[in-house]
Amino acid sequence: MNFTCAKNYLPIKVMTAHLILFVLTLTVQSCTSENSSERDKIDELRTAAEQGYAKAQFNLGKMYSKGNGVQQDYSKAVKWFRTAAAQGHVAAQAAFGVMFYKGNGVSQDYSKAVKWYRKAAEKGLAIAQNYLGQCYDKGQGVKQDPEKAVHWYREAAEQGYAEAQCNLGICYTNGIGVEKDSEKSVKWFRKSAEQGDADAQFNLGVCYANGNGVEKDSEKAVQWYRKAAKQGYAAAQYNLAASYGKGSGIRQDEEKARQWMQKAAEQGFQPAKDFLD
């Protein structure tokens, strides 16, 4: 088999009868008790939200957004996020922005998403800073501005937000809003990868494979590919398969190469599908 590594796919986680009856009865009683307790908590939360407590409003919005303990209802999620956001609840402002960005419970509106991301970002919320950076990066809801994208990525990255660290690494890799600097890209990929971000783990593997910003090291490339591959990252699965196939950084093993190639192909990763066809 002829293996070729993928290019850097940079983006901008039982008993007897009568005892069975006894156990089932206890189980039903236990579940009923738990459900009753859960309903009581939700009722208490709703009461607090209706009394104007912003934290309760935000938490109730999250429950409706995710369908945790209640039936998923984006309109109700928007209602409570909006109410909390209007009181200045920072996380609610970011969450309200997400609803506009995705068009969940409201008409999709990138400009309004940016408005609410900015409110939260300016108060220091890292996830909102990263979201705002992505909007500037892609030109969604604002005029595309790579330098402002980098600014907001950096703000979040310096707070330790893994996704922003990876995004900042990508900017340094490609010279987006900053001068290309492979050593700085490795620095930020590593910070993100060590927190478990699969994008960063894959990209750090690519840096080691190619000797970009670090000394070329096929074994370390494989180590980072494997971490990302185990999280289901298709390009990393493909590169790990290629490493096994070529014996690059690891002992050659065509069976493991095929197994990882299959995993990547099952996710629709085209190079893997093409290889197996």
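Residues numbered from 1 in each chain as written. Predicted model: local features only at pLDDT ≥ 70, side-chain atom pairs only at ≥ 80, totals over all residues. Heavy atoms only, no water.

Visitor: Now, about the overall build of the chain: what can you tell me, with residues and values included?
Guide: If you tally the helices and strands in the chain, you get 14 helices and zero strands. Ordered by position in the sequence, the α and β elements of the chain form the string α-α-α-α-α-α-α-α-α-α-α-α-α-α. Burial status across the chain gives 41% buried among its 277 residues. Of the accessible surface of the chain, which amounts to about 15,000 Å², a share of 46% is contributed by carbon and sulfur atoms. (Helix = DSSP H or I, 4+ residues; strand = E, 2+ residues; numbered from the N terminus. Buried < 20%, exposed > 50% of the residue type's maximum accessible area, 1.4 Å probe, protein only. Areas by Shrake-Rupley, 256 points an atom, 1.4 Å probe, with all protein chains shown as cover.)

Visitor: I'd like to hear about the environment of L276, residue by residue, with values.
Guide: With respect to the helices and strands, the residue L276 is situated in helix α14 (residues 270-276). The partly exposed category is assigned to L276, whose relative accessible area is 26%. As for L276 and Q262, which are separated by 14 residues in sequence, their C-alpha atoms are 7.7 Å apart. Setting aside anything within four residues of it in sequence, one finds L276 in contact with R258, M261, Q262 and A265. (Contact = heavy atoms within 4.5 Å.)

Visitor: Help me get a handle on the side chain of Q57, residues and values and all.
Guide: Mapping Q57 onto the fold places it in helix α2 (residues 54-66). Of the residues examined, Q57 reaches a relative accessible area of 2% and is grouped as buried. A polar contact is formed between the side chain of Q57 and the side chain of Q87, at a distance of 2.8 Å. In this structure Q57 touches A49, G52, W80, T83, A84 and Q87, once residues within four positions along its chain are discounted. (Polar contact = N/O pair within 3.5 Å; in protein donor to acceptor, adjacent residues only side chain to side chain.)

Visitor: I'd like a rundown of a positive patch on the surface, residues and numbers included.
Guide: Taken together, the side chains of R82, K112, K115, K119 and K123 make up a positively charged region of the molecular surface. By residue number, the principal contributor to the positive patch is helix α5 (residues 110-122), which donates three residues. Along the chain, K123 turns up in the loop between α5 and α6 (126-138). Since its relative accessible area comes to 47%, K123 is described here as partly exposed. (Patch = residues over 30% accessible without salt bridge, like charges linked within 9 Å, V, L, I, M, F, W, Y side chains within 5 Å. Salt bridge = Lys/Arg side-chain N within 4 Å of Asp/Glu carboxyl O. Lys, Arg positive; Asp, Glu negative; His and termini not counted. Charge placed at Lys NZ, Arg CZ, Asp CG, Glu CD.)

Visitor: Now, about the pattern of salt bridges: what can you tell me, with residues and values included?
Guide: This model, assessed by the stated rule, comprises one salt bridge. Between R46 and D43 there is a salt bridge, with the nearest N and O atoms lying 3.6 Å from each other. A residue pair is termed a helical-turn pair when its members lie 3 or 4 positions apart in one helix, as R46 and D43 do in helix α1 (residues 17-50) at three residues. Taking the relative accessible area as the measure of exposure, D43 reaches 41% and is therefore partly exposed.

Visitor: Report on helix α11 (residues 218-230), specifying residues and quantitative values.
Guide: Between its terminal C-alpha atoms α11 stretches 18 Å, which fits the 18 Å expected from 13 residues at 1.5 Å a residue. For α11, every residue scored as buried is listed here: A221, V222, W224, Y225, A228 and A229. Those residues of α11 that are buried are in contact with α9 (182-193), α10 (198-210), α12 (234-246) and α13 (254-266). Between the side-chain oxygen of the N-cap and the backbone nitrogen of E219 there are 3.1 Å, and the N-cap of α11 in question is D217. Looking one or two places after α11, you find G232, whose phi comes out positive at around 90°. (Expected span 1.5 Å × (residues − 1).)

Visitor: Break down the nonpolar core for me, citing the residues and quoting the values.
Guide: Membership of the largest hydrophobic core comes to 49 residues, with the highest contact counts inside it found for F81, F96, L132 and L168. Those elements that provide at least two residues to this core are α1, α2, α3 (74-86), α4 (90-102), α5, α6, α7 (146-157) and α8 (162-174). Here the element with the most residues in this core is α4; it accounts for seven residues. In this structure L168 touches V150, Y153, R154, A157 and W188, once residues within four positions along its chain are discounted. (Core = buried A, V, L, I, M, F, W, Y, C linked by side-chain atoms within 4.5 Å.)

Visitor: Tell me about the side chain of S185, and please be specific about residues and values.
Guide: Position of S185 among the secondary structure elements: in helix α9. According to the relative accessible area criterion, S185 is buried, its value standing at 2%. Looking at S185, its side chain comes within polar contact range of the main-chain oxygen of S182, at 2.6 Å. Not counting chain neighbours up to four residues away, the residues in contact with S185 comprise G169, Y172 and T173.

Visitor: So, the environment of K187: which residues are in play, and what are the values?
Guide: By secondary structure assignment, the location of K187 is in helix α9. Separated by 18 residues in sequence, K187 and G169 place their C-alpha atoms 7.4 Å apart.

Visitor: Hey, could you go over the packing of aromatic side chains for me, with residue numbers and the actual values?
Guide: Following the criterion strictly, the structure yields nine aromatic pairs and no others. Each ring, one from F96 and one from F100, has its centre 4.9 Å from the other, and the planes form 55°; the classification is tilted. Taken as a pair, F96 and F100 lie in helix α4 at a separation of four residues, close to a single helical turn. Summarising the burial analysis for this pair, F96 and F100 share the class buried. Seen from their ring centres, Y117 and Y131 are 5.1 Å apart, and the 35° between their planes marks the pair as tilted. Of this pair, Y117 sits in helix α5 while Y131 sits in helix α6, placing them 14 residues apart in sequence. Taken together through their ring pairs, the aromatic side chains of Y101, Y110, Y117 and Y131 make up a single cluster. The side chain of K227 reaches across the aromatic face of W224, ending 5.6 Å from its centre. A cation over an aromatic ring shows up here: K263 above the ring of W260, its NZ or CZ 5.6 Å from the ring centre. (Phe/Tyr/Trp six-rings, centres within 6.5 Å; stacked < 30°, edge-to-face > 60°. Lys NZ or Arg CZ within 6 Å of the ring centre and 35° of its normal.)

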